[in-house]
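Residue-level structural notes
The residues making up each chain are set out below.
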Amino acid sequence: MSHIAAFDAAFARCPLIAILRGVKPDEVEGIGEELVAAGFTLIEVPLNSPDPLESIARLAERLQGRAVVGAGTVLSVQDVAAVAAVGGTMIISPNTNVDVIAASAEAGLVSLPGFATPSEGFAALVAGATALKLFPAEAASPAVLKAMRAVLPASTRVLPVGGIAPETMAVWRDAGAAGFGLGSALYHAGLSAEAVGTRARSFIAALED
């Protein structure tokens, strides 16, 4: 199965990306297990976390076949190669860098760039983006997403990221959100694996409502 096909299958099971910004390698596997037990299938370790490549390597090995693992805050083509080298298959960025997107696509990796305008969204899709990350969602709104959905290709998956909570997902989904990236409402540095599991189950329950 290709990395894109694996992502598509995981996304179909649960369209929520767990963003583990600040996680450390010695705690990441326990947190990953709690997320998978709750129903998550997509996990991101931002590259501005402590020793992120080691955390990605550990998660990719531990959760192989159960979750798709990748990196966030990927800002350069060199970062793309480094993430792929340790087993990460999702390349997630806060911005629309067409070089990063193209390098990811050429390597057969999942590309999820950040965008804030239709121009950025179309540029990302032309460069080979798998899906689009509406970031920061706090600076947009469901109404803005609905307007963008009117012009973006119907098959484009858009995931709002930033400030998403269980109780706010429904209004975004009604506006056309295909999924979400979940940050501090799910995990922040120092949070225990058990606490992450509790929060993860709240998001899954809200998704199923």
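Residues numbered from 1 in each chain as written. Predicted model: local features only at pLDDT ≥ 70, side-chain atom pairs only at ≥ 80, totals over all residues. Heavy atoms only, no water.

1. Details of the side chain of Glu44
When you line up the elements, Glu44 lands in strand 2 (residues 42–46). As a buried residue without a salt bridge, Glu44 has its nearest oppositely charged side chain in Arg21, at a separation of 4.8 Å. (Helix = DSSP H or I, 4+ residues; strand = E, 2+ residues; numbered from the N terminus. Buried < 20%, exposed > 50% of the residue type's maximum accessible area, 1.4 Å probe, protein only. Lys, Arg positive; Asp, Glu negative; His and termini not counted. Salt bridge = Lys/Arg side-chain N within 4 Å of Asp/Glu carboxyl O.)

2. A look at the pattern of salt bridges
Within the structure shown, the criterion is met by six salt bridges. Put simply, Arg157 and Asp8 hold a salt bridge, and the shortest N to O gap is 2.9 Å. Residue Arg157 is located in the loop between helix 7 (142–149) and strand 8 (158–160), and its partner Asp8 is located in helix 1 (residues 3–13); the two are separated by 149 residues in the primary sequence. Taking the shortest distance from any N to any O, the salt bridge between Glu33 and Arg62 comes out at 2.8 Å. With a gap of 29 residues between them, Glu33 in helix 2 (residues 25–38) and Arg62 in helix 3 (residues 52–62) connect regions that are remote in the sequence. Assessed through its relative accessible area of 22%, Glu33 is described here as partly exposed. The exposure class assigned to Arg62 is partly exposed, which follows from its relative accessible area of 38%. Three or more residues are tied together by salt bridges with common partners; here these are Glu29, Glu33, Arg62 and Arg66.

3. Thoughts on the sheet that holds strand 5 (residues 110–112)
As summarised here, the arrangement of the six strands in space is 5-4-3-2-1-9, forming an open sheet in which the pairing is parallel. Each end of this open sheet is capped by a strand with a single partner; those strands are strand 5 and strand 9 (180–182). Between one strand and the next, the sheet's axes are offset by a mean angle of 25°, whatever the strand orientation. Here strand 2 pairs with strand 3 (residues 68–72) via five bridges, running parallel. (Pairing = 2+ DSSP bridges. Axes fitted to C-alpha atoms, helices over the stretch in contact; angles between N-to-C directions.)

4. Considering helix 3
Of all the residues in helix 3, the buried ones are Pro52, Ser55, Ile56, Leu59 and Ala60. Buried residues of helix 3, viewed axially, fall in a sector of 130°; they line one side. Turning to helix 3, the residues buried within the fold contact helix 2, strand 2 and strand 3. (Arc of directions from axis to C-beta. Contact = heavy atoms within 4.5 Å.)

5. Some details on the sheet that holds strand 7 (residues 132–134)
Across the sheet, three strands lie side by side as 6-7-8; this open sheet has parallel pairing. Here the strands that pair on one side only, and so sit at the sheet edges, are strand 6 (114–115) and strand 8. The pairing of strand 7 with strand 8 spans three bridges and is parallel. Across the sheet, Leu134 pairs through a bridge with Pro160, a residue of strand 8.

6. A word on the environment of Asp26
Considering the arrangement of structural elements, one finds Asp26 in helix 2. Judged by its relative accessible area of 67%, Asp26 is exposed. In sequence terms Asp26 and Glu54 are 28 residues apart; their C-alpha atoms lie 9.4 Å from each other.

7. Focus on helix 1
Listed in full, the buried residues belonging to helix 1 are Phe7, Ala10 and Phe11. In a view along the axis of helix 1, the buried residues occupy a sector of 100°, so they form one face of it. Exposed residues lying more than 90 degrees from the buried face of helix 1 are Ala12 and Arg13. Looking at the buried residues of helix 1, the elements they touch are strand 2, strand 3, strand 4 (90–92), strand 5 and strand 8.

8. Here we look at the pairing of strand 3
Strand 3 sits mainly inside the fold: five of its five residues count as buried. Crossover handedness for the path strand 2 to helix 3 to strand 3: right-handed. One ladder, built from two bridges, connects strand 3 with strand 4; its direction is parallel. Across the sheet, residue Ala71 finds its bridge partner in strand 4, namely Ile91. This β-α-β element, strand 3 to helix 4 (residues 77–85) to strand 4, shows right-handed connectivity. (Right-handed = clockwise from strand over helix to strand, strands pointing away.)

9. Let's talk about unusual backbone geometry
Both trends apply: most residues other than glycine have a negative phi, and most peptide bonds are in trans. Pro136 follows Phe135 through a cis peptide bond whose omega is -10°. For Pro136, the location among the structural elements is in the loop between strand 7 and helix 7. With a phi close to 55°, Thr73 is a non-glycine residue in the positive phi region. Assignment of secondary structure puts Thr73 in the loop between strand 3 and helix 4.

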